[in-house]
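So the chains spell out like this:
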Amino acid sequence: MDDVRLDLLYLNREDVIALSGDDMELAMKDMENLLVLREEGDVRVPDKTSMNFGRTIEEEKVLGRINAMPGYVGGSYQMAGIKWVGSNPANLDRGLPRASAITILNDPETKFPLAVMDGTVISNTRTGAVGGVAVKFLAKKGSRTLFIFGAGLIAEYMLEAAKVGCPTLERILVTDPVEERMKDFAERMTKRLGILVQPAEKKESVGCDIVVTATGAASPVIDFDDLGKGALYINFGGFECTYDCVSKADLRFVDNWQAVVHRNTSAIAKMANEGLLNDEDLNGELGAVISGHCQGRTSDDQTIYFNCVGMGIEDVAIATRVYRKALSENKGTFLRYW
């Protein structure tokens, strides 16, 4: 082993952005590929491990949590890795982002680490990208209006992805309990997306083609009456909607049913763990819809519920693309590992 040298590539936030780690169109292609690979069984997705620093949701809002999300992606990626992400809502009061992450890539053959990179940009981008893929495959064709609850960072990425997934969008409404944040968000996103984003009241969600909740709420912010006929509802965060949003929906989809139930934060997960909803009540996973193994929307009148819990393999897929581009362009900093 004396003549063997293993270098570890380190990429900071600026490197990741320069290497298209925040490119939403590319990220959505990665997510489509990834979800199909999972449908075909060419991935490994261990359960997410969450280290909570609070005994209750209320305490967690102050003390935060750190999640470990490992995985392996086959196909053209052929890469293993892990996302290590810390989250603390109280960071916002410190002038810091709520979440921070690093992504580590490992050679699936030797199991040695290949790269360590900023994972925050990748995490935000892939979270929005999954929502955008859901919009592409589950929203009504020609959808024009979207209503989003929450004016935080993830909402920004979700709207960027929604525009990619549904180019016909022409009007977006946003509501948030902090009026100043809501108005600032609407102004910034109007400029960023090139379509009208307006502050709104909750009641205006009825009649919108797509409704999204991207909040840190610990209790439901919407119920089924807030969804119009034929709407696609995306439950992005935790327990953001009432059980009626799930039970009364015509169709119910998730990204990873096992992971959703294991995490047990969303309405559909809580219903499953309480015995109020069976596996048969789920219409399918998004990867099955993309691959054609499962029927998605068949009518504009169908109200659809979608929940995404997020998987570490999503971060690994984007990080792999970033890593390979870094090698080809000789970007980043190589560190002596062995």
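Quick notes on the rules
- Residues numbered from 1 in each chain as written.
- Predicted model: local features only at pLDDT ≥ 70, side-chain atom pairs only at ≥ 80, totals over all residues.
- Heavy atoms only, no water.
- Helix = DSSP H or I, 4+ residues; strand = E, 2+ residues; numbered from the N terminus.
- Expected span 1.5 Å × (residues − 1).
- Buried < 20%, exposed > 50% of the residue type's maximum accessible area, 1.4 Å probe, protein only.
- Pairing = 2+ DSSP bridges.
- Salt bridge = Lys/Arg side-chain N within 4 Å of Asp/Glu carboxyl O.
- Contact = heavy atoms within 4.5 Å.
- Polar contact = N/O pair within 3.5 Å; in protein donor to acceptor, adjacent residues only side chain to side chain.

Draft legend 1. Layout of helix H4 (residues 120-138). Over its 19 residues, H4 extends 27 Å from the first C-alpha to the last, a length consistent with the 27 Å expected when each residue adds 1.5 Å. Within H4, 17 of the 19 residues are buried, which leaves it mostly tucked inside the rest of the structure.

Draft legend 2. Structural context of the pairing of strand E13 (residues 251-254). Side chains Leu251 and Phe253 project from E13 onto one buried face, and the interleaved Arg252 and Val254 project onto a second face that is buried too. As paired elements, E13 and strand E15 (residues 304-307) share four bridges and run parallel to each other. Counted as the bridge partner of Phe253 is Phe306 from E15.

Draft legend 3. Examining the pattern of salt bridges more closely. Inspection of every chain in the model, using the stated rule, returns 20 salt bridges. Between Arg126 and Glu314 there is a salt bridge, and its shortest N-O distance comes to 3.1 Å. With Arg126 in helix H4 and Glu314 in helix H11 (residues 312-329), this residue pair connects regions lying 188 residues apart in the sequence. Of the residues examined, Glu314 reaches a relative accessible area of 0% and is grouped as buried. Residue Glu160 is joined to Arg192 by a salt bridge in which the shortest nitrogen-to-oxygen separation is 2.7 Å. Here Arg192 lies in helix H6 (residues 179-193) and Glu160 lies in helix H5 (residues 153-165), a separation of 32 residues in the sequence. Note on Arg192: relative accessible area 39%, which makes it partly exposed.

Draft legend 4. Main features of the sheet that holds strand E8 (residues 145-149). Ordered in space as E10-E9-E8-E11-E12-E15-E13-E14, the eight strands form an open sheet in which the pairing is parallel. Only two strands of the sheet have a single partner each, and these edge strands are strand E10 (196-199) and strand E14 (284-285). Of the strand pairs in this sheet, strand E12 (residues 232-235) and E15 are connected by four bridges, and their pairing is parallel. Pairing of Asn235 across the sheet is with Asn307, part of E15.

Draft legend 5. View of the environment of Asp250. Assignment of secondary structure puts Asp250 in the loop between helix H7 (243-247) and E13. A C-alpha to C-alpha distance of 9.5 Å links Asp250 and Arg297, two positions 47 residues apart in sequence. If sequence neighbours within four positions are ignored, Asp250 has contacts with Asn283, Asp301, Gln302 and Thr303. Within the local environment of Asp250, its side chain forms a polar contact with the backbone nitrogen of Thr303, the two atoms lying 2.8 Å apart.

Draft legend 6. Broad picture of the pairing of strand E11 (residues 210-213). The alternating pattern of E11 places Ile210 and Val212 on one face and Val211 and Thr213 on the opposite face, and all of these are buried. In the sheet, E8 pairs with E11 via four bridges, with the strands oriented parallel. Along E11, the bridge assignment pairs Leu146 with Ile210.

Shape is all these values report; function is a separate question.
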